[in-house]
Amino acid sequence: MRKESERDGWLGFLTLCFRAETPDELDELLWLFLTHEERKDVATRYLIVRELIDGKKTQRDLAKELGVSIAKITRGSNFLKLINEKLKRRLENHF
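So, how was this worked out
- Residues numbered from 1 in each chain as written.
- Predicted model: local features only at pLDDT ≥ 70, side-chain atom pairs only at ≥ 80, totals over all residues.
- Heavy atoms only, no water.
- Axes fitted to C-alpha atoms, helices over the stretch in contact; angles between N-to-C directions.
- Helix = DSSP H or I, 4+ residues; strand = E, 2+ residues; numbered from the N terminus.
- Left-handed = near helix turned anticlockwise from the far one by under 90°.
- Contact = heavy atoms within 4.5 Å.
- Nonpolar A, V, L, I, M, F, W, Y, C, P; charged D, E, K, R; others polar.
- Core = buried A, V, L, I, M, F, W, Y, C linked by side-chain atoms within 4.5 Å.
- Buried < 20%, exposed > 50% of the residue type's maximum accessible area, 1.4 Å probe, protein only.
- Polar contact = N/O pair within 3.5 Å; in protein donor to acceptor, adjacent residues only side chain to side chain.
- 1 Å grid on protein atoms, 1.4 Å probe; cavity = no way out; pocket = protein on both sides within 12 Å on 5 of 7 lines; lining within 4 Å.
- Points joined across faces, edges and corners; volume = space filled by probe spheres on them.
- Patch = residues over 30% accessible without salt bridge, like charges linked within 9 Å, V, L, I, M, F, W, Y side chains within 5 Å.
- Areas by Shrake-Rupley, 256 points an atom, 1.4 Å probe, with all protein chains shown as cover.
- Salt bridge = Lys/Arg side-chain N within 4 Å of Asp/Glu carboxyl O.
- Lys, Arg positive; Asp, Glu negative; His and termini not counted.
- Charge placed at Lys NZ, Arg CZ, Asp CG, Glu CD.
- Parallel < 35°, antiparallel > 145°, perpendicular 65-115°, else oblique.

Brief notes about the packing of helix α3 (residues 36-54) against helix α5 (residues 70-82)
- Direction vectors running N to C along α3 and α5 enclose 65°, while the axes themselves pass 10 Å from each other. As for the relative orientation of α3 and α5, their crossing is right-handed in sense. Where α3 abuts α5, its residues Asp 41, Arg 45, Ile 48, Val 49, Leu 52 and Ile 53 lie against Lys 72, Ile 73, Arg 75, Gly 76, Ser 77, Phe 79 and Leu 80.
- Here the contact of α3 with α5 is built from residues that sort into seven nonpolar, two polar and four charged.

Below is the structure:
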């Protein structure tokens, strides 16, 4: 797949998700497009980010609690260092 069409596909998918009128409709869309494993991975990433933002647990404790490798936790931590402050504040307010 060409990089340009991959980007177009991703933006099209995001637009479709953004236009969902209810959480149930978005859930149905995500069930259509994502496998069980992909949904599980997204849910785990959400939990990792939430706990990292909270900052009350060590990365090692978090990895053990979620049943994931320390590398996954470190990867999430590294990505949090790269996001802009506006998004970081939004996440902090959400959690």
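A short note on the nonpolar core
- Of all hydrophobic cores here, the largest spans ten residues; its members are Ile 48, Val 49, Leu 52, Ile 53, Leu 62, Ala 63, Val 68, Ile 73, Leu 80 and Leu 91.
- For this core, the elements supplying multiple residues, two or more each, are α3, α4 (59-66) and α5.
- Broken down by element, this core gets its largest block of residues, four residues, from α3.
- When residues no more than four places from it in sequence are discounted, the contact partners of Leu 52 are Gln 59, Leu 62, Ile 73, Gly 76, Ser 77 and Leu 80.

A word on the side chain of Glu 51
- In this fold, Glu 51 is placed in helix α3.
- There is a polar contact of 3.3 Å between the side chain of Glu 51 and the side chain of Arg 50.
- Look past the residues within four positions of Glu 51 in its chain and what remains in contact with it is Lys 56, Lys 57 and Leu 62.

Digging into the layout of surface pockets
- Considered as a void within the structure, the largest pocket measures approximately 1000 Å³ in volume.
- Taken together, 25 residues make up the lining of the largest pocket; nearest its centre are Val 42, Arg 45, Tyr 46, Val 49 and Leu 91.
- The dominant element in the lining of the largest pocket, judged by the number of residues it contributes, is α3, at eight residues.
- Of the residues belonging to the lining of the largest pocket, the class tally is 18 nonpolar, two polar and five charged.

Looking at a negative patch on the surface
- On the surface, a cluster of negative charge is made up of Glu 21, Asp 24, Glu 25, Asp 27 and Glu 28.
- Structurally, Glu 28 can be placed in helix α2 (residues 23-33).
- You can call Glu 28 exposed: its relative accessible area is 59%.

Considerations on the packing of α3 against α4
- Packing of α3 against α4 leaves a shortest axis separation of 11 Å and a crossing angle of 150°. Put simply, α3 runs roughly antiparallel to α4. You can see that α3 and α4 cross each other, and the crossing is right-handed. Contacts between α3 and α4 involve Leu 47, Ile 48, Glu 51 and Leu 52 from the first element and Gln 59, Leu 62 and Leu 66 from the second.
- Among the residues forming the contact of α3 with α4, the class breakdown is five nonpolar, one polar and one charged.

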